[in-house]
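Chain and residue survey
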Amino acid sequence: MAKIHMDHISRVEGHGALTVELDGNTVRDVKLNYFEGMRGFESLVLGRPYQEIPPIISRICAICSAGHSITAHMSVEKAMGIKVTPQTELLRELAFLGMMVESHSLHVFCLVLPDFFGYAGVADMAAKYEEEIALGLRVKKAGNLVQEAIGGRAIHNVNLTVGGLGKLPTLPQLKELRQELQKSLVEMEAVVDLVAGLTIPEYEGEPILFKAVRPTTDCYGFFGDTVLFSDGQEFPADQYTASFQETESEYSNAKPSTRDGEAFMVGALARINLFGDRLTGKAQEALAKLAIPVPSTNPLYNSVAQVVEIIYALERSIAICDHFLEEGIKPEGPVEYKVQAGTGIVATEVPRGTLYHAFSFDNNGRVTAADVITPTALNQASVEKEIALLAKSQIDIGEEQLKFRFEQLVRAYDPCISCSVHLIRLA
Amino acid sequence: MSAKPRIGIYGLTSCAGDQLTLLNCEDELLAILDAVDLRSFVMAHSANPEGELDVAFVEGAVTQQSDLDLLTDVRSRAGLVIAIGTCAVWGGLPYLAGKGTAISQHIQVDFSIPGCPIEKSQLLNALSALLHGDLPLELPYPVCLECTIRENNCLLQRGEICCGSLTAGGCGARCPSHGVACMGCRGSALDPNYQSAQQILAKYGYTPEDILQRLALFSGEGFSKEGERVG
Ligand code: SF4
Ligand code: SF4
Ligand code: SF4
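Residues numbered from 1 in each chain as written. Chains lettered and ligands numbered in written order. Predicted model: local features only at pLDDT ≥ 70, side-chain atom pairs only at ≥ 80, totals over all residues.

Regarding its fold elements, chain B presents 10 helices and five strands. Compactness check: chain B gives a C-alpha radius of gyration of 18 Å against a globular reference of 17 Å for 231 residues, within 12% of the reference. Projected onto the principal axes, the alpha-carbon positions of chain B cover approximately 60 × 35 × 25 Å. Looking at chain B as a whole, 52% of its 231 residues qualify as buried. A fraction of 70% describes how many contacts in chain B between residues 6 or more apart in sequence connect residues 24 or more apart. (Helix = DSSP H or I, 4+ residues; strand = E, 2+ residues; numbered from the N terminus. Rg over C-alpha atoms; globule rule 2.2 N^0.38 Å. Buried ≥ 20, exposed ≤ 12 C-beta atoms within 10 Å, placed from the backbone. Contact = placed C-beta atoms within 7 Å.)

Shown next, in the form of structure tokens:
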């Protein structure tokens, strides 16, 4: 029996290893091992005051820290019955969109594109494709500028608080942001052309079961109250324990999930499959041009879906800036609230897919129970399933080629291993 | 030393925020990559020749055997080891969780850049000092100094547990400049002024434990029970 082992998957966030066991032409076993150290967030949050929860939880992962921070704020507020103002909601959405642009750009330009051009990373690729990389970095920077303006820091924001924001952005700040966002939106046209010209490697796949939060409005978006599977099953976010099952893994520090034994995929490709028909403007045009086959059978299109979402996030950010430039910023502080006991369960769509936060508090606002489920953990069973399908259909290409294709496939899911192993579960 | 310094960038148990801070230097990244001989950066690069290094940057705390193995290996190959981020410098959140230790508990560290995450400016200054063959300078002042220069209203004086007088400067007093109390994410200042912070907060009914509990979030091994800097 042949065994293909890769002890450190590169160009992903965190530490992961892959072992594929082959018996002739049969795939015996696929083990994806996320061996990032456990940072023990569970013992960290227990008993800590509610205001500290978002900044602590933010440290699960830097790349999507705004997503963790905002989702944690929403969970605290839901638990205590705190209703923030529409202005706060919009400003938070803006910070969230900045994260989407930054995270997707990092993945597409720095981690994925080098594969398609035959390079080991941006450093090598920049020697010949300096303009392409520089363009990608400019778009990424626009995302970070948004996060800095609203969050006070690009990674682990300091300005978002329970009930509102510490300091409000000024109109000149928003005007400048809008200009930068607009520049990036124009630059993304060249990116769409570049990506449209790439050949996405195929293998004999199967229809993928997708899952994503249904946006609250009829528009595309990342916030909502229910979670939809592509076969039509839909669950309220707070009934997540009924919508999929987590399993303990003997070999990985993350817990893979299935729905009744069936793997499912979350992330940009899932959102495009489920709600891509709601896109408008340049994002809609990009989707048409990039010709992502829907329903998708090939997870490698996730990076292409991320390109579409960068454009969506830029357009939506510009719309939010325009709203404030027309209506002005109300000089309001965080809303008044009463600290009280309760549980808040929230699902959002962060760059890599559905993120669940569930926190319970006692009357003094101290944490009594916590549960965080991250997209990378949700995706683990799907990655293993697709690796098996890929190995089965491409077994003849030789070990070196197979290794490359495996790594490329894992990377397409944009795993964030720091996130996945920092599961927090307290009864 | 080869013409370009041989650099390695490593993550132990971490959130990757300090490595990401380098990738967030969008305006400077290509110039940096050009000025150094990058021998290892697994987060961003596939082919990593490793081997002897002039400078290794290490992020994250030691929480498991594989962290320790990597750290020991890196130390044996590197001329200078630079700890980046509060997790690596003080143990950070993993220390509070009872699982992590600062890297200086295991190997000799030549320079530390604290922050959660580190500040771009400090990273770039360190890189340019190293490129000139110098060691970077440690910032001697606490967050309070930067806060006073910015003429912020003092939150401590209003009865909020602000850790600015106890925390290493360099962030430009980000939090108090947004009206939010400093949580001490950069770890202990060289000379923390604990007595005075405690006296002010006592007027508002806070106990020393309240302050130490807040400091414990990021400072890991950095404070004694008396609020003095350790290490
Ligand atoms: S110091 Fe902060 S930013 Fe750096 S790895 Fe630790 S938690 Fe992340
Ligand atoms: S205690 Fe806090 S608010 Fe007051 S001066 Fe120092 S850093 Fe600023
Ligand atoms: S003010 Fe304090 S908590 Fe805020 S960034 Fe600076 S050191 Fe960190």
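And the narrative resumes.
So, on to the overall build of chain A. When you go through chain A residue by residue, the secondary structure sums to 14 helices and 14 strands. For a compact globule of 427 residues, the expected C-alpha radius of gyration is about 22 Å, and chain A comes in at 21 Å, within 12% of that figure. If you line up chain A on its principal axes, its C-alpha atoms span 65 × 50 × 40 Å. Considering chain A as a whole, with its 427 residues, one finds that 55% of them fall into the buried category. Contacts in chain A between residues far apart in sequence, at least 24 positions, make up 72% of those at least 6 positions apart.

Before going further, it helps to examine the domain arrangement of chain B. Residues and elements named next belong to chain B. Taken domain by domain, chain B comprises domain 1 (6-131) and domain 2 (143-222). Each of domain 1 and domain 2 has a C-alpha centre, and the two are 27 Å apart. Among the secondary structure elements, those contributing two or more residues to the side of domain 1 that touches domain 2 are helix H4 (86-90) and helix H5 (92-96). Looking at which element gives the most residues to the side of domain 1 that touches domain 2, the answer is H5, with four residues. Looking at the side of domain 1 that touches domain 2 residue by residue, the classes come out as eight nonpolar, five polar and one charged. (Domains from an automatic or database assignment. Nonpolar A, V, L, I, M, F, W, Y, C, P; charged D, E, K, R; others polar.)

With that out of the way, let us pick up the site of ligand 2. Lining the immediate surroundings of ligand 2 are 14 residues, of which B:Cys144, B:Cys147, B:Cys154, B:Cys162 and B:Gly164 lie closest. A total of four residues in the shell around ligand 2 trace back to one element, the largest contributor, which is helix H7 (residues 143-149) of chain B. (Near = placed C-beta within 6 Å.)

Glancing now at the sheet that holds strand E3 (residues 26-34) of chain A. All names here are of chain A. Pairing in this open sheet of three strands is antiparallel, and the strands run E1-E2-E3 from one edge to the other. Each having just a single partner strand, strand E1 (2-6) and E3 make up the two edges of the open sheet. Strand-to-strand, the axes of this sheet are offset by a mean angle of 10°, without reference to chain direction. Pairing of strand E2 (residues 16-23) with E3 involves eight bridges; the strand directions are antiparallel. Bridged to Ala17 within E3 is Asn33. Helix H12 (residues 375-393) rests against E2 and E3 of the sheet, and its axis sits at about 145° to E3. Lying over the sheet, helix H13 (residues 399-412) contacts E1 and E2, oriented at roughly 50° with respect to E1. (Pairing = 2+ DSSP bridges. Axes fitted to C-alpha atoms, helices over the stretch in contact; angles between N-to-C directions.)

Our focus in this paragraph is the sheet that holds strand E3 (residues 53-59) of chain B. Residues and elements named next belong to chain B. The strand order across the open sheet formed by five strands is E2-E1-E3-E4-E5, and the pairing between neighbours is parallel. The strands lining the two open edges of the sheet, one partner per strand, are strand E2 (37-41) and strand E5 (111-113). On average, each strand axis in the sheet is tilted by 20° relative to the strand beside it, whichever way the strands run. Sheet analysis places strand E4 (residues 78-84) next to E5, joined by three bridges and oriented parallel. Looking at E5, one finds that Ile82 is bridged to Phe111.

Attention now moves to the site of ligand 3. In the region of ligand 3, the neighbouring residues are A:Val158, B:Val143, B:Thr167, B:Cys171, B:Ala173, B:Arg174, B:Cys175, B:Cys182, B:Met183, B:Gly184, B:Cys185 and B:Arg186. Proximal residues around ligand 3 fall on chains A and B, making this an inter-chain site. Counted by class, the shell around ligand 3 contains eight nonpolar, two polar and two charged residues.

This part is about the interface of chain A and chain B. The interface is formed by 48 residues belonging to chain A together with 40 residues belonging to chain B. Elements supplying a minimum of two residues to the side of chain A that touches chain B: helix H1 (41-45), helix H2 (53-58), helix H4 (86-117), helix H5 (122-128) and helix H6 (130-151) of chain A. If you tally residues by element for the side of chain A that touches chain B, the top one is H6(A), at eight residues.

Residues and elements named next belong to chain A. Two elements in contact, helix H7 (residues 171-196) and helix H10 (residues 281-290), have axes separated by 10 Å at closest approach and are oriented at 15°. Here H7 lies roughly parallel to H10, going by the angle between them. Judged by the twist between their axes, the crossing of H7 over H10 is right-handed. Along the contact surface, H7 presents Leu185, Val192, Val195 and Ala196, while H10 presents Lys282, Ala286, Lys289 and Leu290. (Parallel < 35°, antiparallel > 145°, perpendicular 65-115°, else oblique. Left-handed = near helix turned anticlockwise from the far one by under 90°.)

For chain A, the mean per-residue pLDDT works out to 90, and 93% of the residues sit at or above 70. Scored below 50 in pLDDT, residues 421-427 of chain A makes 26 contacts in the model with residues more than four places away or belonging to other chains. (pLDDT = per-residue confidence, 0-100.)

Attention now goes to the environment of A:Ser360. Residue placement: A:Ser360 occurs in strand E12 (residues 353-361). Separated by 310 residues in the primary sequence, A:Ser360 and A:Tyr50 have C-alpha atoms spaced 9.5 Å apart.

Another aspect to go through is helix H10 (residues 208-219) of chain B. Because each turn of an α-helix spans 3.6 residues, side chains separated by three or four positions end up pointing in the same direction. Residue and element names in this part refer to chain B. With 12 residues, H10 should reach 16 Å at 1.5 Å per residue; the first-to-last C-alpha distance of 16 Å fits that figure. Residues Ile211, Arg214, Leu215, Leu217, Phe218 and Ser219 constitute the buried set of H10. Projected onto a plane normal to the axis of H10, the buried residues spread over an arc of 155° and lie on a single side. In this fold, the buried residues of H10 make contact with H4, H5 and helix H9 (194-202). (Expected span 1.5 Å × (residues − 1). Arc of directions from axis to C-beta.)

Turning next to the environment of A:Lys140. The residue A:Lys140 is located in helix H6 in this model. Overall, A:Lys140 belongs to the buried group, with 26 C-beta atoms counted inside 10 Å. Sequence separation between A:Lys140 and A:Ser75 is 65 residues, and the spatial gap between their C-alpha atoms is 28 Å. Among residues more than four places away in sequence, those in contact with A:Lys140 are A:Glu102, A:Ser105, A:Leu106, A:Phe109 and B:Glu26.

Moving on to the pairing of strand E13 (residues 367-373) of chain A. Within E13(A), five of the seven residues are buried, which leaves the element mostly enclosed by the surrounding structure. The turn linking E12(A) back onto E13(A) is made up of five residues, and A:Gly365 within it adopts a positive phi angle of 80°.

Right, let's get into H12(A). With 19 residues, H12(A) should reach 27 Å at 1.5 Å per residue; the first-to-last C-alpha distance of 27 Å fits that figure. Counting buried residues in H12(A) gives 14 out of 19 residues, a clear majority hidden from the surface.

Relative orientation and spacing of two packed helices are given, respectively, by the angle between their axes and the distance between those axes. All names here are of chain A. One can describe the packing of H4 onto helix H11 (residues 302-327) by two numbers: an axis separation of 9 Å at closest approach and a directional angle of 150°. The angle between H4 and H11 places the two elements in the roughly antiparallel class. Like other packed secondary-structure pairs, H4 and H11 cross with a definite hand, here left-handed. Each of Leu90, Glu93, Leu94, Leu97, Gly98, Met100, Val101, His104, Ser105, His107, Val108 and Val112 in H4 lies in contact with H11, whose residues at this interface are Ser303, Gln306, Val307, Glu309, Ile310, Ala313, Leu314, Arg316, Ser317, Ile320 and His323. Residues belonging to the contact of H4 with H11 are distributed by class as follows: 12 nonpolar, eight polar and three charged.

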